[in-house]
Amino acid sequence: ERPKEPSKYLKKVLARVADDARLKGTEYESTIKNRPEASPDARKAFGDVCGGEDAGARMPGYWDFQAGDFVIAAKKHWLAVWAYPETSWTFGVDSSVLCKFFGRGLRNVALLPPCFVVHQHHRIRENPNARREMDPDLLCRLAKQDPKQRFDPRQRDPRLWGLHGDDGDGSGQDVK
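Residues numbered from 1 in each chain as written. Predicted model: local features only at pLDDT ≥ 70, side-chain atom pairs only at ≥ 80, totals over all residues. Heavy atoms only, no water.

Before going further, it helps to examine the side chain of E86. Summarising the element assignment, E86 is placed in the loop between helix 3 (75-81) and helix 4 (93-103). On the basis of relative accessibility, which here comes to 19%, the residue E86 falls in the buried class. The contacts of E86, once residues within four sequence positions are left out, are Q155, R156, W161 and H164. (Helix = DSSP H or I, 4+ residues; strand = E, 2+ residues; numbered from the N terminus. Buried < 20%, exposed > 50% of the residue type's maximum accessible area, 1.4 Å probe, protein only. Contact = heavy atoms within 4.5 Å.)

Have a look at this one:
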C-alpha cells in the first residue's frame, strides 16, 4: 500500500530501487557489477563527493560507466563543447559528451551513495535509434580531440547546435 505522507512514500521508493535482489534473474542482473559503486577506483575517487568532502580526486584515464542518461555540467561547459552531436542514432552518442568534457580537461564524476539517480525503466535496446552506426571508441577519440567537429557526414552541422529549425540564414531550413 502506498503511504499517504510524501516523505514516507519517497523512503519506500528509495528502498525499492536500491534492492538489487529485484534484478536477479532479469536482463539487468549483469548491470550490477558495472555500476560505479562496484569499482574500487570510483569509490576511492568519488566516495565522499555526496557527503560534502570532495577532495577533487580523479579516476585514472577515461571512463563513463555507460553514462548519458544523466549528465550535469555548468552551462559554460555545455556551450564550450556544443553538447551532444546531433545524429539520427544514439549508440555511443550519449557517452560522447563525456569524451568532449574529458578532452577539455574537465573532471567527470560519478555520484555514489548517499547520492542517487532514479532512471526511468525501459527495456534494453528498445530505442530503434540505439543502433551502432559509428564505432563508439572512434567517436570518443574524435570528441576528445575537437568537440566542435563533424564526426560523421550524416551528423547535423555542429555550428547549428541550439538553432533548431534554422540553419542561420533566416530561411528556417536545416542544413542537409
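A complete count under the given rule lists five aromatic pairs for this structure. Aromatic pair Y62 and F102: ring centres 5.6 Å apart, planes at 75 degrees, arrangement edge-to-face. With Y62 in the loop between helix 2 (40-46) and helix 3 and F102 in helix 4, this pair connects stretches of sequence that are 40 residues apart. By relative accessible area, F102 is classed as partly exposed at 30%. Plain terms: the ring middles of W78 and Y84 are 5.7 Å apart, the flat faces sit at 40 degrees to each other, and that makes the pair tilted. In this structure an aromatic cluster arises from ring pairing among F46, W63 and F65. (Phe/Tyr/Trp six-rings, centres within 6.5 Å; stacked < 30°, edge-to-face > 60°.)

A separate point is unusual backbone geometry. Glycine aside, the phi torsion of most residues is negative, and most peptide linkages are trans. With an omega of 20 degrees, the peptide bond between P113 and P114 qualifies as cis. Here P114 lies in the loop between helix 4 and helix 5 (136-145). Within the chain, W82 stands out as a residue other than glycine whose phi angle is a positive 60 degrees. In this fold, W82 is placed in the loop between helix 3 and helix 4. Residues other than glycine seldom take positive phi values, yet A83 does so here, at roughly 50 degrees. In this fold, A83 is placed in the loop between helix 3 and helix 4. What makes A83 buried here is its relative accessible area of 5%.

Tallied over the entire structure, the rule returns eight salt bridges. One salt bridge in this structure joins D152 and R154, with 2.9 Å as the shortest N-O distance. When salt bridges that share partners are traced, they join R131, E133, D152 and R154 into one network. (Salt bridge = Lys/Arg side-chain N within 4 Å of Asp/Glu carboxyl O.)

Of all the positions in helix 5, only L139, C140, L142 and A143 are classed as buried. Angular distribution of buried residues about the axis of helix 5 spans 165 degrees; they occupy a single face of the element. Those residues of helix 5 that are exposed and angled more than 90 degrees off the buried face are D137 and Q145. Residues of helix 5 that are buried sit in contact with helix 4. (Arc of directions from axis to C-beta.)

Moving on: the side chain of D64. Relative to the helices and strands, D64 resides in the loop between helix 2 and helix 3. Of the side chains with opposite charge, K144 lies nearest to the buried D64, which makes no salt bridge, at 9.5 Å. A polar contact is formed between the side chain of D64 and the side chain of S95, at a distance of 2.8 Å. Residues contacting D64, with those up to four places away along its chain left out, are S95 and L98. (Lys, Arg positive; Asp, Glu negative; His and termini not counted. Polar contact = N/O pair within 3.5 Å; in protein donor to acceptor, adjacent residues only side chain to side chain.)

Turning next to the state of the cysteines. If you walk through the whole model with that rule in mind, you get two disulfides. Here C50 is linked by a disulfide to C115, with a sulfur-sulfur distance of 1.7 Å. Measuring the twist about the S-S bond at about -110 degrees, one finds the C50-C115 disulfide to be left-handed. Taken together, the residues C50 in the loop between helix 2 and helix 3 and C115 in the loop between helix 4 and helix 5 connect sequence positions 65 residues apart. Taking the relative accessible area as the measure of exposure, C50 reaches 21% and is therefore partly exposed. Overall, the relative accessible area of 27% leaves C115 in the partly exposed class. Each sulfur of the disulfide joining C99 and C140 lies 2.0 Å from the other. Residues C99 and C140 share a disulfide whose torsion about the S-S bond is about -105 degrees; that sign makes it left-handed. Taken together, the residues span a long stretch of sequence, with C99 in helix 4 and C140 in helix 5 at a distance of 41 residues. The buried category is assigned to C99, whose relative accessible area is 2%. On the basis of relative accessibility, which here comes to 8%, the residue C140 falls in the buried class. What connects to what in the protein chain, once the bonded cysteines are numbered by sequence position, is 1-3, 2-4. (Disulfide = S-S within 2.5 Å.)

The values are spatial; any link to function lies outside them.
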